[in-house]
Amino acid sequence: MREVAARDKEVRFTALLHHVSLHRLYLAFDEVKPKAAPGVDGVSWAEYERDLAANLRDLHERVQSGRYRASPSRRVYIPKSDGRLRPLGIATLEDKIVQRAVVEVLNAVYEADFRGFSYGFRPGRSPHQALDALAVAIERKKVNWVLDADIRDFFTSLDRGWLERFLRHRIADERVLRLIGRWLAAGVVEEGVWSEGAGTPQGASLSPSLANPGFAYPVRNVSVCPCPCPWRCPCPVPVPSPGLAADDVLDVPIAAARHPAEPRQTQWPHN
């Protein structure tokens with residue numbers, strides 16, 4: 001998948017669900033922390049692990065047959081540095097497993113589309129690497145100012161309609177899209193009361209992989225640099241610098257001059 005996605009930027013993948021294999025579910029289970037908080041069903045890692053083989057076989061069969069149903073997330077709050085509370089959605093263990101397996105499939109598709117200056121929630125990349133790249137830009141380029149931006153309530157503000165359109169850029173497997181839609185529609189439970197929720201639950205394994213396409217496509221399309229080179233390119237144009245997370249942007253104009261070519265215009269996706 002990764003090679004095909006990199007070779008053809010327009011290809012849409014029509015058969016992805018079979019990549020959510022039993023083996024991938026085993027790997028996803030191993031990635032879940034044994035002491036992770038349980039979801040609304042109260043099932044813990046230790047309980048599920050007691051009959052792991054049978055549980056994962058049944059889960060795999062339900063996913064592939066379309067009988068798998070997403071559960072609501074359990075709403076909890078953690079304090080933020082500014083004194084506000086950050087809402088988190090705690091998924092059930094099975095949702096965590098399937099979401100992590102789907103994330104691996106999505107990464108294989110979308111990694112070819114993300115720009116080199118993007119670091120947030122990507123495999124093999126970290127905020128420390130983004131800061132290192134930023135330091136290189138400041139030390140070696142002519143930098144007059146740095147813009148640090150953060151999108152307020154990014155995950156819960158994601159428009160699900162636009163998110164689906166962005167996903168359809170690459171994904172034509174309706175089974176995968178329905179699976180993602182079920183997670184988004186599952187809602188949240190807070191103090192025993194269900195609500196629909198908004199955007200995608202922050203804290204869910206799938207949320208960063210959904211947020212990255214929703215953020216990366218507009219950023220990529222409004223970039224003023226007309227060449228396909230990475231952000232460290234010698235082109236004397238302002239280009240976006242590395243993002244620290246899915247909702248953080250650092251913009252470092254490296255020179256005032258611009259290419260004579262016209263800037264690219266935003267091209268919204270079509271279903």
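Note that the structure is predicted; figures quoted are calculated from it, not measured.

## Some words on the overall build of the protein
1) Next: Counting its secondary structure elements, the protein contains 10 helices and 7 strands.
2) Next: Expressed as a percentage of its 271 residues, the buried residues of the protein come to 42%.
3) Next: About 14500 Å² of surface is accessible on the protein, with carbon and sulfur atoms providing 54% of the total.

## Considerations on the packing of aromatic side chains
1) Next: Counted by the stated rule, this structure contains 4 aromatic pairs.
2) Next: An aromatic cluster is present here, built from Phe29, Trp45 and Tyr48 joined pairwise through their rings.

## Considering the sheet that holds strand 4 (residues 188-190)
1) Next: On the basis of which strands lie adjacent, the open sheet formed by 4 strands has the order 2-1-4-5 and mixed pairing. Across the chains shown, the open sheet's two edge strands, defined by having one partner strand only, are strand 2 (85-90) and strand 5 (193-195). Adjacent strand axes in the sheet meet at a mean angle of 40°, parallel and antiparallel pairs treated alike.

## Overview of the side chain of threonine 92
1) Next: With respect to the helices and strands, the residue threonine 92 is situated in the loop between strand 2 and helix 5 (93-110).
2) Next: Setting aside chain neighbours within four positions, we find threonine 92 in contact with Gly39, Val40, Asp41 and Ser71.

## Digging into the nonpolar core
Buried together is how nonpolar side chains tend to be arranged in soluble globular proteins.
1) Next: Formed by 39 residues in total, the largest nonpolar core has its most connected members in Leu59, Ile97 and Val98.
2) Next: For this core, the elements supplying multiple residues, two or more each, are helix 2 (22-31), helix 3 (45-49), helix 4 (52-65), helix 5, helix 8 (160-167) and helix 9 (174-185).
3) Next: Counting residues per element, this core draws most heavily on helix 5, at 10 residues.
4) Next: Excluding residues that lie within four positions of it along the chain, leucine 59 makes contacts with Leu25, Tyr48, Tyr68, Glu94, Ile97 and Val98.

## Section: helix 9
1) Next: The terminal C-alpha atoms of helix 9 lie 16 Å apart, and with 12 residues this matches the ideal 16 Å at 1.5 Å per residue to within 8%.
2) Next: Burial in helix 9 covers these residues: Val176, Leu177, Leu179, Ile180, Trp183 and Leu184. Here the buried residues of helix 9 occupy an arc of 160° about the axis, which is enough to place them on one side.
3) Next: In the stretch just after helix 9, glycine 187 is the one whose phi turns positive, near 75°.

## Observations concerning the environment of lysine 9
1) Next: Along the chain, lysine 9 falls in the loop between helix 1 (2-7) and helix 2.
2) Next: Spatially, the C-alpha atoms of lysine 9 and valine 109 are 10.0 Å apart, while their sequence positions differ by 100 residues.

## Brief notes about the pairing of strand 1 (residues 73-79)
1) Next: Bridge count for strand 1 against strand 4 is 2 bridges, and the pairing is parallel. Bridge pairing in strand 4 links serine 73 to valine 188.
2) Next: In this sheet, strand 2 lies alongside strand 1 in antiparallel orientation, the contact comprising 6 bridges. Paired with valine 76 across the bridge in strand 2 is leucine 88.
3) Next: Between strand 1 and strand 2, which follow one another and run antiparallel, lie 5 residues, and glycine 83 among them has a positive phi close to 95°.

## Digging into the confidence of the model for the protein
1) Next: Averaged over all residues, the pLDDT of the protein equals 76, while 75% of them reach at least 70.
2) Next: Within the protein, strand 6 (residues 239-240) has the poorest average pLDDT of any element, 40, and helix 4 the best, 97.
3) Next: The low-confidence segment residues 222-247, where pLDDT is below 50, has 85 contacts with residues more than four positions distant or belonging to other chains.

What counts and how
Residues numbered from 1 in each chain as written. Predicted model: local features only at pLDDT ≥ 70, side-chain atom pairs only at ≥ 80, totals over all residues. Heavy atoms only, no water. Helix = DSSP H or I, 4+ residues; strand = E, 2+ residues; numbered from the N terminus. Buried < 20%, exposed > 50% of the residue type's maximum accessible area, 1.4 Å probe, protein only. Areas by Shrake-Rupley, 256 points an atom, 1.4 Å probe, with all protein chains shown as cover. Phe/Tyr/Trp six-rings, centres within 6.5 Å; stacked < 30°, edge-to-face > 60°. Pairing = 2+ DSSP bridges. Axes fitted to C-alpha atoms, helices over the stretch in contact; angles between N-to-C directions. Contact = heavy atoms within 4.5 Å. Core = buried A, V, L, I, M, F, W, Y, C linked by side-chain atoms within 4.5 Å. Expected span 1.5 Å × (residues − 1). Arc of directions from axis to C-beta. pLDDT = per-residue confidence, 0-100.

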